[in-house]
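# An overview of the molecular structure
Now for the letters of each chain:
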Amino acid sequence: MYPLRRNRRLRTSENIRSLVRETILSPKDFLVPLFVVEGKGIKEEIASMPNYYRYSLDLLAGEVKDLASLGLKSVLLFVKVSEDRKDNTGKEALNPEGLMQRAIRTVKDAVPDMLVMTDVALDPYSKFGHDGIVSEGSIVNDDTNAVLAEMALSHAKAGADFVAPSDMMDGRIFEIRSLLEDEGFYDTGIMSYSAKYASAFYGPFRDALDSAPVNIQNVPKDKQTYQMDPANRKEAIKETLMDIQEGADIVMVKPGLCYLDIVRDIRDAVDVPVAVYQVSGEYAMVKAAAQKGWLDHDAVMLEQLTAIKRAGAHVIASYFAKDVVKLTL
Ligand code: PBG
C-alpha cells in the first residue's frame, strides 16, 4: 500500500523501464508483404500507400536481399495480374510460369533461406475482383475450393514454404491440406486467414493490385458473403478452431488494430501460432496523418505494433516491417 508501493519506481529511467518491459518487438516477429508486377526495372509507388512499392522480378531480388540484411526473414507474396489474364475461373493462377510461380523462384534464388509465403485467393485473377468463382450473383464455395487447392499445390511446386489462403471459403483448408498430402508436400505449411473480417481497411491493397470487386449487375460488390461481420466475436473462435481441425499450422486475425480483442480471444483459445495482419488501410492512415504533421509517424507506428504483439500476435504481417526494423531493432 502507498507509500510502501510506489509504482512510478519502475518508470524512473529508460534502463529500468526497458528491464521490466513486457513486450519487445524483434525483426523475427515480422512477415513482409511484397507486391509483384510484370515488366522490367519497375519499382512503382502505390498511390494510397506512401513509400510502398510494386516490384518487377528483377528488382524484387534486390529488395529481398535488402530485407535479409535487415534481419527480416519471411515474406508474403502478392501479384498484380494483367487485365487480359483475368477471368472467372482462376486459370492463370495455376500457370506454372505465372507471375507468382516466377516470383517464388526469384525470391528463393536471391535469398535461399528466405521463408516464402504466398497469397492463395482468386481476387487478383478474377475479372470480378472476388476471391471465388462468381455464378448467378453468388460466390460458389466448393468449386472455388478445388481451384484454391490446385493453386496452393502450384505454389508448393514452385518452392513456397507456406501457402496463405485469404479467401474465407468454407472447407478450403481441408481441401488444400488434402491435396498437398496426396502430392507429397508434407512440409508445406498453411497459414490460414481464419478470422478475416469484411473490412473497409483493405482499400489501398485493392488499389495496389487493382483488385477491387466490380459493380455490375448480379455481382455483389462487397465481400460480406464470405468475409466475417466486424460485429462478431464468438464467430472468430468458431472459424479459427475449424481451420485448425482442417490442418492450418498458423492462424490469422485480420485486420489488426480494430480487432485486438479477437487476437486475445484466439491466442487464449488455440495452441498454434497466431498471426495478425496490420492491413493497408491501417498503414495508409498513419502515413497520411504523419504527412499532414498531425501525428508522430515513428512513435505511432511503434505503439501500434507493440499493441498488436501485446494482444497476442506471434507473427505480424506489416507494411511497416522495414521502417520499424531500421528504427529500433
Ligand atoms: C485478398 C486479400 C486482401 C488482403 C489480403 N489478401 C484484400 C481483400 O480481401 O479484399 C488485404 C491486405 C491489406 O489490405 O493490406 N484475398
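Residues numbered from 1 in each chain as written. Predicted model: local features only at pLDDT ≥ 70, side-chain atom pairs only at ≥ 80, totals over all residues. Heavy atoms only, no water.

### Comments concerning the overall build of the chain
Using the following cut-off: Strands are runs of DSSP state E lasting at least two residues, helices are runs of H or I lasting at least four, and both sets are numbered from the N terminus onward. The size measure is the radius of gyration over C-alpha atoms, and the globule rule it meets is 2.2 Å times the number of residues to the 0.38 power. Classification of residues uses two cut-offs on accessible area relative to the type maximum, computed with a 1.4 Å probe and protein chains only: under 20% is buried, over 50% is exposed, and between them is partly exposed. In summary, the charge assignment counts Lys and Arg as positive and Asp and Glu as negative, without counting His or the chain termini. Note that the charge is assigned to NZ on lysines, CZ on arginines, CG on aspartates and CD on glutamates.
Looking only at helices and strands, the chain features eleven helices and twelve strands. Since a compact globule built from 329 residues should have a radius of gyration of about 20 Å, the 20 Å found for the chain is in line with a globular shape. Overall, the chain is about 70 × 45 × 40 Å in size when its C-alpha atoms are taken along their principal axes. The buried share among the 329 residues of the chain stands at 53%. Side-chain charges of the chain comprise 40 positive and 49 negative groups, with the mean position of each set lying 9 Å from the other.

### Observations concerning the site of the ligand
Condition: What makes a residue near a molecule or strand is one non-hydrogen atom of that residue sitting within 4 Å of it. N or O atoms within 3.5 Å of each other form a polar contact, as long as, within protein, one can give a hydrogen and the other can take it, and as long as residues adjacent in sequence are counted only when both atoms are side-chain atoms. Note on areas: Shrake-Rupley, 1.4 Å probe, and residue coverage restricted to the protein chains presented here. Points on a 1 Å grid, built from protein atoms alone, make a cavity when a 1.4 Å probe fits but cannot get out and make a pocket when they are open with protein on both sides within 12 Å along at least 5 of 7 lines; residues with an atom within 4 Å of a point are the lining residues. A molecule is counted as occupying a cavity or pocket when more than half of its atoms fall within 2 Å of that pocket's grid points. For this classification, the nonpolar set comprises Ala, Val, Leu, Ile, Met, Phe, Trp, Tyr, Cys and Pro, the charged set comprises Asp, Glu, Lys and Arg, and every other residue, Gly included, is treated as polar.
In the vicinity of the ligand there are 18 residues, among which Ser-166, Lys-196, Lys-223, Lys-254 and Tyr-319 approach most closely. Interatomic distance of 3.5 Å between a side-chain N/O atom of Lys-254 and a nitrogen atom of the ligand. One of the side-chain N or O atoms of Tyr-319 is found 2.5 Å from an oxygen atom in the ligand. When the ligand sits alone it has 410 Å² of accessible area, and the protein chains cover 100% of it. Of all the cavities here, the one that holds the ligand is the largest cavity. Residues of the shell around the ligand, tallied by class, amount to eight nonpolar, three polar and seven charged.

### Side note on the pairing of strand E3 (residues 49-56)
Note the threshold: Strand pairing is assigned whenever DSSP detects at least two bridges linking the two strands.
Taken across its eight residues, E3 has six buried, putting it largely inside the fold. In terms of strand pairing, strand E1 (residues 30-37) meets E3 through three bridges, oriented parallel. Across the sheet, the residue bridging to Val-36 is Tyr-55, located in E3. Here strand E2 (residues 43-46) runs beside E3; their pairing, made up of four bridges, is antiparallel. Its bridge partner lying in E3, Lys-43 is registered against Tyr-55. Linking E2 back to E3 in an antiparallel pair, the connection comprises two residues.

### What to know about a positive patch on the surface
Rules: Like charges within 9 Å and nonpolar side chains (Val, Leu, Ile, Met, Phe, Trp, Tyr) within 5 Å are joined into patches, using only residues over 30% in relative accessible area that form no salt bridge. Whenever Lys or Arg places a side-chain nitrogen within 4 Å of a carboxyl oxygen from Asp or Glu, that contact is recorded as a salt bridge.
A grouping of Arg-5, Arg-6, Arg-8, Arg-9 and Arg-11 is seen on the molecular surface, where their side chains present a positively charged patch. By secondary structure assignment, the location of Arg-9 is in the segment before helix H1 (14-20).

### Considerations on a negative patch on the surface
A surface patch of negative charge is lined by Asp-142, Asp-143, Asp-170 and Glu-175. Residue placement: Asp-143 occurs in helix H4 (residues 141-158).

### Structural notes on empty space enclosed by the protein
We count it as follows: Grid points are joined across faces, edges and corners, and a volume is the space filled by probe spheres set on the points.
For the structure on display, the rule yields three cavities of 30 Å³ or more. A volume near 120 Å³ is recorded for the largest cavity. Taken together, the elements giving at least two residues each to the lining of the largest cavity come down to strand E9 (189-196) and helix H6 (203-209). What the second largest cavity holds in volume is close to 70 Å³. Glu-38, Val-79, Lys-80, Val-81, Ser-82, Arg-85, Glu-92, Gly-98, Leu-99, Met-100, Gln-101 and Tyr-125 together form the lining of the second largest cavity. Tallied by class, the residues present in the lining of the second largest cavity amount to five nonpolar, three polar and four charged.

### Points about the side chain of Lys-86
With respect to the secondary-structure elements, Lys-86 resides in the loop between strand E4 (74-79) and helix H3 (99-110). On the basis of relative accessible area, Lys-86 is assigned to the buried category, the value being 10%. Side-chain polar atoms of Lys-86 contact the backbone oxygen of Asp-210, separated by 2.9 Å.

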